[in-house]
Amino acid sequence: MIYWQDSITFVKKLSFSKLINFTKVYISFVYSKLRKKPIQWGLPFTVSIEPTTACNLRCPECPSGLRSFTRATGNLKKDFFSKTVDNMYKHLLYMIFYFQGEPYINPDFLDMVNHAHKKKIYTITSTNGHFLNDENAKKTIESGLDRIIISVDGTTQEVYENYRKEGNLENVLQGARNLVRWKNELKSNTPHIIFQFLVVKPNEHQIPEIHKLAKEIGVDEVKLKSAQVYDYKNGNPLIPELAQYSRYRLNKDGSYSVKNKLLNHCWKLWHACVITWDGLVVPCCFDKDAKHKLGDLKKNELKEVFYNSEYQQFRKELFKGRDKIDICTNCTEGCKVWVN
C-alpha cells in the first residue's frame, strides 16, 4: 500500500502537457540512437537543483565532504529559484533538491520545496538526516515534499562513521522518527520516507539489520545503493566483497574496472539536467565540479540552454566516444545503482 500511495502521489501531478513533453523527449532519444546523431525534441522532465554546496559531514568520496571543490560554495537564492521554476514547471515531472551539499543547510530550502509543490511538481530530496529536529520534521511534512531519502550507511555508530565521517547515527535515526511521527500526526501521505544504505565493504554485513531498523521506525522503504569511488583501478577499501553491490568488476590480474559498458549514448542528456546553486547548467550529477558548463540560467531560460550549441556539441561527443569524456568514464548509466 505504501508504494502504491507514492505512485498515486506522482500520478496526481501529471498533466497532458507533461505527458506530451515526455513522449517527445523519449522519441527523440530513440531516433538519435538509431541515427547516431543528436536530435532533441521536448524539454527536460527531470531537473536536479542544488540548494547548497555546504555540508556538515566529511564523507571520503564526496567533494562536499572533502572540501575539494574548485567552484564556489554558496546557497541557492529563493528569488532566483522561484523565477527559474516558474519558467519550467509545465514540463517537469520531477524536481530533485540535491546535487552536492546538505539541503537543510540552506535556510530557504523548505520554502522552495513548497513553491515547487504548489506548481504540482513531484519533489525529492536527499539528506544526511542531521537537521531533522522536531521543528524541521514538521516543516518538512507541511512543505509538501513528496519523497525524502535519508542516508543511513550503518546500523551502529562504529560502522556508520566509517563513511559518514563526523556524523552521529542516533541523531539521524531520531530525525527519521520525528518525520514518521509528524507524518502520522498531520495525517499526511507524504513524504515517502526512504532509508538509503550505501553498500561499502565496512557495512555490507549489516544489510539485514538496516531493513529491520527501518521497519521498527516506520520508514516506508529501504534502498541499497552501490557506491561510486574515484580511485578504484587497484582496489579500494570501500569496494564491497559482495559483487552484486559493487559498480566495479574484479579482473583476473587483480585490477578493477567499471561494470558499465560505456555505450556511446546517454538517456540523461535528453531527459534531465543539473542546475548548480549559482544557476549553471551541467550535464548530470557526475559533473560535480561543474567543468562542463552548458549554460547559465542567470542569462538564459532553460528552454534556450537545452537547445544551444554547447549542449548539442556535448551530445555529439557522446556519440563519438563516451570513454573520452572525463565525467563519463566512472558513470553508472547502463549498470545498477539501486541493487535491491
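Structural data are supplied above this passage.
Since the model is a prediction, treat every value here as computed from it, not as a measurement.

Draft legend 1. Representation of the sheet that holds strand β10 (residues 280-282). The nine strands lie next to each other as β6-β5-β4-β3-β2-β1-β9-β10-β11, forming an open sheet whose pairing is mixed. Edge positions in the sheet fall to β6 (221-226) and β11 (295-296), since each has one partner strand and no second. In terms of strand pairing, strand β4 (residues 147-151) meets strand β5 (residues 192-199) through five bridges, oriented parallel. Within β5, the position partnered with Ser151 by the bridge is Gln196.

Draft legend 2. Structural context of the layout of surface pockets. Each pocket or cavity is described by its volume, and for the second largest pocket that value is around 390 Å³. Surrounding the second largest pocket, 18 residues form its lining, Tyr230, Phe286, Asp326, Ile327 and Asn330 being those nearest its centre. Grouping the amino acids of the lining of the second largest pocket by side-chain chemistry returns seven nonpolar, five polar and six charged.

Draft legend 3. Focus on the pattern of salt bridges. The tally for this structure, following the rule as stated, stands at 17 salt bridges. Of the charged contacts in the structure, one is a salt bridge between Arg71 and Glu50, with a shortest N-O distance of 2.8 Å. Taken as a pair, Arg71 in the loop between α3 (63-66) and α4 (78-86) and Glu50 in the loop between β1 (46-49) and α3 lie far apart in primary sequence, 21 residues in all. Like Arg71, the residue Glu50 is buried in the burial classification. Between Lys298 and Asp296 there is a salt bridge, with its nearest N and O atoms 3.1 Å apart. Lys298 gets classed as exposed once you look at its relative accessible area, which sits at 52%. Members of the salt-bridge network, linked through shared partners, are Asp134, Arg181 and Glu185.

Draft legend 4. Focus on empty space enclosed by the protein. Applying the stated criterion across every chain yields a total of one cavity of 30 Å³ or more. Quantified by volume, the largest cavity comes out at close to 70 Å³. Lining the largest cavity, in full, are Cys266, Lys268, Leu269, Cys284, Phe286, Phe314, Leu318, Arg322, Ile327, Cys328 and Cys331. When residues of the lining of the largest cavity are traced back to their parent elements, those giving at least two are α10 (268-271) and α12 (309-321). Looking at the lining of the largest cavity residue by residue, the classes come out as nine nonpolar, no polar and two charged.

Draft legend 5. The side chain of Glu204, seen in detail. For Glu204, the location among the structural elements is in the loop between β5 and α9 (207-217). One polar contact links the side chain of Glu204 to the main-chain amide nitrogen of Leu242, over a distance of 3.1 Å. Setting aside residues up to four positions removed in sequence, Glu204 forms contacts with Val199, Pro240, Glu241 and Leu242.

Draft legend 6. The arrangement of the side chain of Asp287 in detail. As for its placement among the helices and strands, Asp287 is situated in the loop between β10 and β11. Notably, Asp287 is buried but unbridged: the nearest opposite-charge side chain belongs to Lys291, and the N-O separation is 6.7 Å. Separated by 2.8 Å, the side chain of Asp287 and the backbone nitrogen of Lys291 make a polar contact. Within the structure, Asp287 has its side chain in polar contact with the backbone nitrogen of His292 (distance 2.8 Å). With near-sequence residues (within four places) excluded, Asp287 lies in contact with Phe99, Val282, His292 and Ile327.

Reading the values: rules and limits
Residues numbered from 1 in each chain as written. Predicted model: local features only at pLDDT ≥ 70, side-chain atom pairs only at ≥ 80, totals over all residues. Heavy atoms only, no water. Pairing = 2+ DSSP bridges. Helix = DSSP H or I, 4+ residues; strand = E, 2+ residues; numbered from the N terminus. 1 Å grid on protein atoms, 1.4 Å probe; cavity = no way out; pocket = protein on both sides within 12 Å on 5 of 7 lines; lining within 4 Å. Points joined across faces, edges and corners; volume = space filled by probe spheres on them. Nonpolar A, V, L, I, M, F, W, Y, C, P; charged D, E, K, R; others polar. Salt bridge = Lys/Arg side-chain N within 4 Å of Asp/Glu carboxyl O. Buried < 20%, exposed > 50% of the residue type's maximum accessible area, 1.4 Å probe, protein only. Polar contact = N/O pair within 3.5 Å; in protein donor to acceptor, adjacent residues only side chain to side chain. Contact = heavy atoms within 4.5 Å. Lys, Arg positive; Asp, Glu negative; His and termini not counted.

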